[in-house]
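Examination of the molecular architecture
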Amino acid sequence: KKDFETYPHLAIVKNAKRKIEDLNIKKLFSPLVDSTSKIYEVQTGDSLAKIAKSFGTTVDLIRRSNNITGDKIRQGMRLKVVTAKFSVVVDKSQNVLFLKENEDIIKAYEVSTGANNSTPVGTFRVENKLVDPVWYSTGAVVPAGSPENILGTRWLGISKPGYGIHGTTDPASLGKQVTAGCIRMFNADVEELYAILPVGTEVTIMD
């Protein structure tokens, strides 16, 4: 608040930045084709999973950018397929996760990182993805949807065993270094990221 009082233009800049980021995601999830996507004509024997794997994208992103529900496609359908390479950079000092499309940052998300510098630093990859993950806490199995399940609605495990990017049941904790080492996001934000990032996506974590 003090920053906004001293530099009132900061509020205008932040608002503009938020609008640009919202537009970036809307464009990604829309049928609009640009230099980061192409039109693919469905062939005999195709499935959404096969097309997604072929282009290094996700089934969720194909569905959302073509207004498809379910898995049914038919020969001759023309689908928008995103061909951009996505990556993630996490800045622990700011508690911010940056989503990159090719080399461009298209959105910044507020996150929580590990208390006592427990979030690992380095370059990793997304190794597994789960919807409504079960939390295997010490000596307990906490089911999805439980208020005690700190993982929220999505899990993207990285190539550092035991660590990942996930949602939260405690949104007030965002923006702080409070986790056991994982990267915590608002559920809506991690659901958005989950739809965009395929397994194999590069995740860089820096101090």
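Given the structure is predicted, the values throughout are model-derived calculations rather than measurements. (Residues numbered from 1 in each chain as written. Predicted model: local features only at pLDDT ≥ 70, side-chain atom pairs only at ≥ 80, totals over all residues. Heavy atoms only, no water.)

A look at the overall build of the chain
The criterion, for reference: For helices the rule is a DSSP run of H or I covering at least 4 residues; for strands it is a run of E covering at least 2, with both sets numbered from the N terminus onward. We compute the radius of gyration over the C-alpha atoms and compare it with the globule rule, which gives 2.2 Å times the number of residues raised to the power 0.38. The buried label applies to any residue whose accessible area, calculated with a 1.4 Å probe on protein chains only, is under 20% of its type's maximum; exposed applies above 50%, and partly exposed to all values in between. Should any heavy atoms of two residues lie within 4.5 Å, those residues are considered in contact. Throughout, the Shrake-Rupley method with a 1.4 Å probe supplies accessible areas, and for residues the shown protein chains are the sole cover considered.
Helices and strands together make up the secondary structure of the chain, namely five helices and 14 strands. Taking 207 residues into account, the globule formula puts the C-alpha radius of gyration at 17 Å, and the chain, at 18 Å, falls close to it. In terms of overall dimensions, the chain has C-alpha extents of about 55 × 50 × 30 Å along its principal axes. Taken over 207 residues, the chain has a buried fraction of 44%. Put simply, of all contacts in the chain between residues at least 6 apart along the chain, 60% involve residues at least 24 apart. Summing over all exposed atoms, the chain offers an accessible surface of approximately 11400 Å²; the carbon and sulfur share of this is 53%.

Quick notes on the packing of aromatic side chains
The line we're drawing: Working definition: a ring pair exists when centres of Phe, Tyr or Trp rings (six-membered ring for Trp) sit within 6.5 Å. Plane angles under 30 degrees give stacked, over 60 give edge-to-face, the rest tilted. Our definition puts a charge over a ring when NZ of Lys or CZ of Arg is within 6 Å of the ring centre and also within 35 degrees of the ring normal.
According to the stated counting rule, one finds one aromatic pair in the structure shown. Aromatic side chains Tyr 40 and Phe 55 sit 5.5 Å apart centroid to centroid with 70° between the ring planes, which places their arrangement in the edge-to-face category. Taken together, the residues Tyr 40 in strand β1 (residues 37-41) and Phe 55 in helix α3 (residues 48-55) connect sequence positions 15 residues apart. Tyr 40 sits in the buried class, given a relative accessible area of 19%. Residue placement shows Arg 64 over the ring face of Phe 29; its charged tip is 3.8 Å from the ring centre.

Section: the sheet that holds strand β5 (residues 104-110)
Going by this rule: In this scheme, strands are said to pair when DSSP sees at least two bridges between them. Only the stretch in contact is used when fitting a helix axis, every axis being a line fitted to C-alpha atoms; angles between N-to-C directions are given from 0 to 180 degrees.
Strand order in the open sheet made by the eight strands is β5-β4-β3-β14-β7-β10-β11-β13, with mixed pairing throughout. Of all the strands in the sheet, the pair left with one neighbour each is β5 and β13 (183-184). Across five bridges, the pairing between strand β7 (residues 122-131) and strand β10 (residues 154-158) is antiparallel. Each bridged residue has a counterpart across the sheet, and for Asn 128 the counterpart in β10 is Gly 157. Where helix α5 (residues 187-196) meets the sheet, it contacts β3 (86-91), β4 (96-101), β5, β7, β10 and β11 (164-166), and its direction lies at approximately 55° from that of β10.

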